[in-house]
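Single-letter residue listing:
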Amino acid sequence: MRTQVVIIGGGPSGLLLGQLLHTQGIEAVVLERKTRDYVLGRIRAGILERGTVSLMHKAGVGARLEAEGFVHDGTILSYGDDDFTINFKEHTGTSVVVYGQTEVTRDLYDAREAAGLPTVFNAQEVQIHGADSDSAHVTYEVDGQTHRMDCDFIAGCDGFHGISRQTIPLTVRKEYEKVYPFGWLGILSETPPVNDELIYAASERGFALCSMRNKNLSRYYIQCALTDTVEDWSDAAFWEELKRRIPKAHADKLVTGPSIEKSIAPLRSFVTEPMRWGRLFLCGDAAHIVPPTGAKGLNTAASDIHYLFEGLKAHYLEGDSAALDAYSEKALARVWKAERFSWWMTSLLHRFPDMSPADLRLQQADLDYLFASEAAQTSLAENYVGLPY
Ligand code: RFL
Ligand code: PHB
C-alpha cells in the first residue's frame with residue numbers, strides 16, 4: 001500500500017494533522033497502537049490557546065468547541081490566602097478556552113470517521129524504514145500479520161514513549177532533559193468548579209491547581225512526592241490537602257465528591273533536536289515535554305502541526321519545500337519559549353525539596369514582583385495565551 005503521509009500516533013497531534021491535510025486533499029493514514037476508546041479515556045490537558053482553537057476551526061472541527069468551550073479572560077494566582085488575578089484580555093487582547101483534550105480528540109476522531117479517512121487501530125510493532133532515503137516506508141502488525149505502507153513523508157506523532165524519536169540515530173539526535181523532584185496528583189470529580197477562573201496556588205505545603213472541564217466537572221491537582229502512589233491518596237486525604245493549599249475564601253466554598261479518575265504525572269522538561277530527519281518529522285510529545293504548569297503540552301503539539309501542515313501544503317500544492325526545510329528550526333524556536341515559560345511557572349509556584357531559605361526568599365520576591373508589575377503580568381499573560389506562530 002502507498003499513501004502520501006503516514007502519521008504514527010492517533011493522539012491530538014496526529015489527528016489534527018490528518019484533518020488539516022484532508023482539507024487540502026493530501027492523503028494520510030493514521031497508525032495508532034491502541035484503540036479509539038483507550039485514546040479517548042486519557043484525561044490530560046484542559047486549556048487551549050487561541051492558535052490551537054484557530055487550527056481546530058481550520059481543520060473543520062471547531063463547532064462543538066465554539067459552543068461548549070469556556071472562554072477564560074484571566075486566571076488567579078495565589079500564595080497562602082492572598083490571591084491575585086492576571087487579566088489576559090486586558091494585557092493581550094485575547095483569552096484562552098477551557099475544552100478538554102478528550103473532547104478535542106473525540107471531535108477529531110468523529111470528523112475523521114465521517115470523512116471515511118483511514119485509521120489503523122491496534123497497530124503493533126510499528127517501524128520506520130529508509131527515512132533518510134527516497135524509499136521511506138513503515139511496517140506494522142495487526143493481528144499478527146505484517147503490513148507495509150510506502151509514503152513520501154512520515155509524521156512521528158506517537159508521544160513521548162513512541163518509536164519515531166528513537167528511529168533518529170544518536171549521532172544526529174541531541175536530547176535535553178530536566179526532571180523535577182515532584183509530581184502532580186490529579187483528580188476529576190463530578191462537582192461544580194470552586195471558581196469561574198483557574199486558581200494556580202502556591203503554598204508552604206506545595207502547589208495546587210483548581211481547574212475544570214465544565215459546569216459540573218472539576219479537575220484538581222496537588223503537587224506530590226515522586227514516591228507517592230495513587231493508593232496513598234484517598235479522596236478524603238486529597239480534598240483535605242487541597243483545601244490547605246488554596247486561599248481560605250475558596251477552600252470554604254469547595255464542593256467535594258468522589259473522584260472519577262485519579263492519576264499521578266511526573267514533571268519533566270524535555271526537548272529533542274532536530275525535529276526532522278530526512279522524511280521523518282517529529283511532532284508534539286514525541287519531540288518535547290513540558291511540565292504542565294503553563295498548560296503548554298497540547299498547545300505546543302498544535303503549533304508543531306501548524307508548521308508541518310504549512311510545509312506539506314506548500315510542498316504538495318506549490319512544489320515549494322522551503323517551509324518543510326525550515327520545520328525543525330521554526331518549531332524548536334517556539335518550543336523552547338514554551339519550555340522556558342513552563343519551567344518558570346513551575347519554579348515560581350512549587351516547593352522544591354531542597355530549597356534553601358535564600359531560594360524561598362527569591363521565589364517570594366518573584367511573586368511579589370509579578371503581583372506589583374504590569375510588565376510582569378503582561379509577560380505572563382502573553383505567554384499563557386500563546387506566543388504567535
Ligand atoms: P499523545 O497524546 O501521547 O499521543 C500519542 C499517540 O501515539 C500512540 N502511540 C503509538 N502509535 C503507534 N505506534 C507506536 N509505537 C506508538 N506509541 C504511541 C499513543 O497510543 C497515542 O495515542 O501525544 P500528542 O498527540 O503529541 O499530544 C500531546 C498531548 O497529549 C500532551 O502534550 C499533553 O496531554 C501533555 N499533558 C498535559 N498537558 C497539558 O497542557 N495539561 C495537562 O494537564 C497535561 N496532563 C499530559 C498530562 C501528559 C501526560 N502524559 C504524557 C503521561 C498528563 C499526562 C499523564
Ligand atoms: C487541566 O485542566 O487539566 C489543566 C489546566 C491548566 C494547567 C494544567 C492542567 O496548567
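Now for a look at the structure at hand. (Residues numbered from 1 in each chain as written. Chains lettered and ligands numbered in written order. Predicted model: local features only at pLDDT ≥ 70, side-chain atom pairs only at ≥ 80, totals over all residues. Heavy atoms only, no water.)

### A word on the overall build of the chain
Under the convention used in this document: Every helix listed is a DSSP run of H or I at least four residues long, and every strand listed is a run of E at least two residues long, numbered separately from the N terminus. Throughout, exposure labels follow a simple rule: accessible area from a 1.4 Å probe, protein chains only, divided by the maximum for the residue type, with under 20% read as buried, over 50% as exposed, and the rest as partly exposed. Every residue pair with non-hydrogen atoms within 4.5 Å of one another is taken to be in contact. Method for areas: the Shrake-Rupley scheme with a 1.4 Å probe, in which residue coverage is limited to the protein chains shown.
Of the regular secondary structure elements, the chain holds 14 helices and 20 strands. When its C-alpha atoms are laid out on the principal axes, the chain stretches across 60 × 40 × 40 Å. By residue count, 53% of the 389 residues in the chain fall in the buried class. Here the contacts in the chain between residues at least 6 apart in sequence split such that 73% fall between residues at least 24 apart. If you sum the accessible surface of the chain, you get close to 16400 Å²; carbon and sulfur atoms cover 51% of it.

### Examining the pairing of strand β11 (residues 145-150)
A regular strand places its side chains on the two faces of the sheet in alternate fashion. Note the threshold: A strand pair is defined by DSSP finding two or more bridges across the two strands.
Of the pairings in the sheet, the one linking strand β10 (residues 137-142) to β11 comprises 6 bridges and is antiparallel in character. From the neighbouring strand, threonine 139 faces β11, where its bridge partner is arginine 148. Count of turn residues in the β10/β11 antiparallel hairpin: 2 residues, of which aspartate 143 carries a positive phi of about 50°.

### Observations concerning the side chain of asparagine 195
Condition: Counting of polar contacts relies on pairs of N or O atoms within 3.5 Å, with two restrictions inside protein: one atom must be capable of donating a hydrogen and the other of accepting it, and residues adjacent in sequence are counted only when both atoms are side-chain atoms.
Considering the arrangement of structural elements, one finds asparagine 195 in the loop between β13 (174-189) and β14 (199-202). Look at asparagine 195 and you get buried, because its relative accessible area is 18%. In this structure the side chain of asparagine 195 is engaged in a polar contact, spanning 3.0 Å, whose partner is the backbone oxygen of glutamate 197. Look past the residues within four positions of asparagine 195 in its chain and what remains in contact with it is Ile76, Met212, His250 and Lys253.

### Remarks on empty space enclosed by the protein
Let me state the cut-off plainly: Cavities and pockets are found on a 1 Å grid laid over the protein atoms alone: a cavity is a set of points where a 1.4 Å probe fits but cannot escape, a pocket is an open set with protein on both sides within 12 Å along at least five of seven lines, and a lining residue has an atom within 4 Å of such a point. Grid points are joined across faces, edges and corners, and a volume is the space filled by probe spheres set on the points.
Applying the stated criterion across every chain yields a total of 2 cavities of 30 Å³ or more. Here the largest cavity defines a volume of roughly 60 Å³. Elements that contribute at least two residues to the lining of the largest cavity include exactly α1 (12-23), α3 (50-58), α6 (101-114) and α10 (297-318). Take the lining of the largest cavity: its biggest share by element is 4 residues, from α10.

### Digging into the pairing of strand β5 (residues 74-79)
Across the 6 residues of β5, 5 count as buried, placing the element largely inside the fold. Once β5 ends, the chain turns through 2 residues before running back antiparallel as strand β6 (residues 82-87), passing glycine 80 with a positive phi of about 60°.

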